[in-house]
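Each chain is listed here by its residues.
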Amino acid sequence: MGIMDFVKGGVREMMIARPDQFKPLIIYKHPDQNIPFWSQLTVDSDECAVFFKDGRYVGHLPPGRHTLQTQNIPFLNNIVNKFTGGDVFIAEIFFVKMQPVRGIPFGGPLESMEDPILFEFVVPRIFGEFALVVVDPVRFIIGYHGQMQGSQDNDQILSWIKGKFFLSVKTVIGQLCVQQQKSLLNMAGMSMEIAGRIQQSAPNLEEIGVKILEIGNFNINFSAEDQRMLREANAKRAEARRNVGIASDSARAKQFELDQKFQQDARYVQHLAGNWNNYASGQAMMGAGEGMA
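These lines cover the structure that appears in this document, whether it is placed above or below.

Thresholds applied
Residues numbered from 1 in each chain as written. Predicted model: local features only at pLDDT ≥ 70, side-chain atom pairs only at ≥ 80, totals over all residues. Heavy atoms only, no water. Pairing = 2+ DSSP bridges. Helix = DSSP H or I, 4+ residues; strand = E, 2+ residues; numbered from the N terminus. Axes fitted to C-alpha atoms, helices over the stretch in contact; angles between N-to-C directions. Buried < 20%, exposed > 50% of the residue type's maximum accessible area, 1.4 Å probe, protein only. Phe/Tyr/Trp six-rings, centres within 6.5 Å; stacked < 30°, edge-to-face > 60°.

1. Some remarks on the sheet that holds strand β9 (residues 92-97)
Sheet strands pair via backbone hydrogen bonds, and the direction of the pair is either parallel or antiparallel. Spatially, the four strands line up as an open sheet ordered β2-β9-β5-β6, and their pairing is antiparallel. Bordering the open sheet on either side are β2 (27-29) and β6 (56-61), each of which pairs with just one other strand. Taken pair by pair, the neighbouring strands of this sheet meet at an average axis angle of 25°, ignoring direction. Here strand β5 (residues 47-53) pairs with β6 via five bridges, running antiparallel. Paired with lysine 53 across the strands is arginine 56, a residue of β6.

Okay, here's the thing in structure tokens:
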């Protein structure tokens, strides 16, 4: 190896940045954990670099070009390899995009849900697209790396995020149904409210440091079988409510009749008998007279 080859190889090893072919990835992990002292780390304007050692967060660097030395980056003291005389840092470096990722399509069934009003189990289906942004890169790396093993594949990353998104939608729909005492059958007409609630707070995405910025063309529907089941259950519920209403109206009518009778009797007592004892005696005598007749 010539001297120029050595110099070129050494410089190449000391330059750390996200390779061009991995620019579209939401998260990229640098393949080598051994980082020479004085290495030049370049962080693009739309990302940050996060350092981990032994599964623990150590620190992060913002966009720009950074010379990796302990004098200007104090947290690097925590990752110095003492066995090399302090010439090497040992750490996992993750590059995480901090700019919004838009136009992510989604579609498919949620898990089985029990309708809180009709008490039927159905599987809602949702479709649309959303935009997201990573707001907590440390939480995102811990959640993603623990489940996806650091795969350099945006499809797998987005598949993992969509799984969390679907859980959030299910949670929000369940909360709305309970809070507003509405059937899942009503959710198809509440797509705007559901989307707004998810943008405000998507529980299963907050736990991995991701925020939903917007949801477009959001649609919720059911299979023909589930739709039929819910409608039949709703029809039975409506019939039961009608029967209850009819019984309630009949009871009120009967009570009105009794109240009228009581008021009439009270007037008789006041004007004819003077008190209830006299009135009762008079009624008894009239009844006896009718019996004898």
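Here the narrative resumes.
2. Brief notes about the pairing of β5
The buried fraction of β5 amounts to six of the seven residues, a majority that puts the element mostly inside the structure. For β5 and β9, the ladder comprises six bridges, and the chain directions are antiparallel. Among the inter-strand pairings, alanine 49 is bridged to a residue of β9, identified as phenylalanine 95. Linkage of β5 to β6, two consecutive antiparallel strands, is achieved through a turn of two residues, within which aspartate 54 is found at a positive phi near 55°.

3. Thoughts on the packing of aromatic side chains
Taken as a whole and judged by the stated rule, the model has 16 aromatic pairs. Taking the centre distance of 5.5 Å and the plane angle of 55° together, the rings of phenylalanine 140 and tryptophan 160 count as tilted. Here phenylalanine 140, found in helix α2 (residues 137-148), pairs with tryptophan 160, found in helix α3 (residues 154-180); they are 20 residues apart in sequence, far enough to count as distant. Taken as a pair, phenylalanine 140 and tryptophan 160 share a single burial class, namely buried.

Scope: geometric values only; no functional claims are made or implied.
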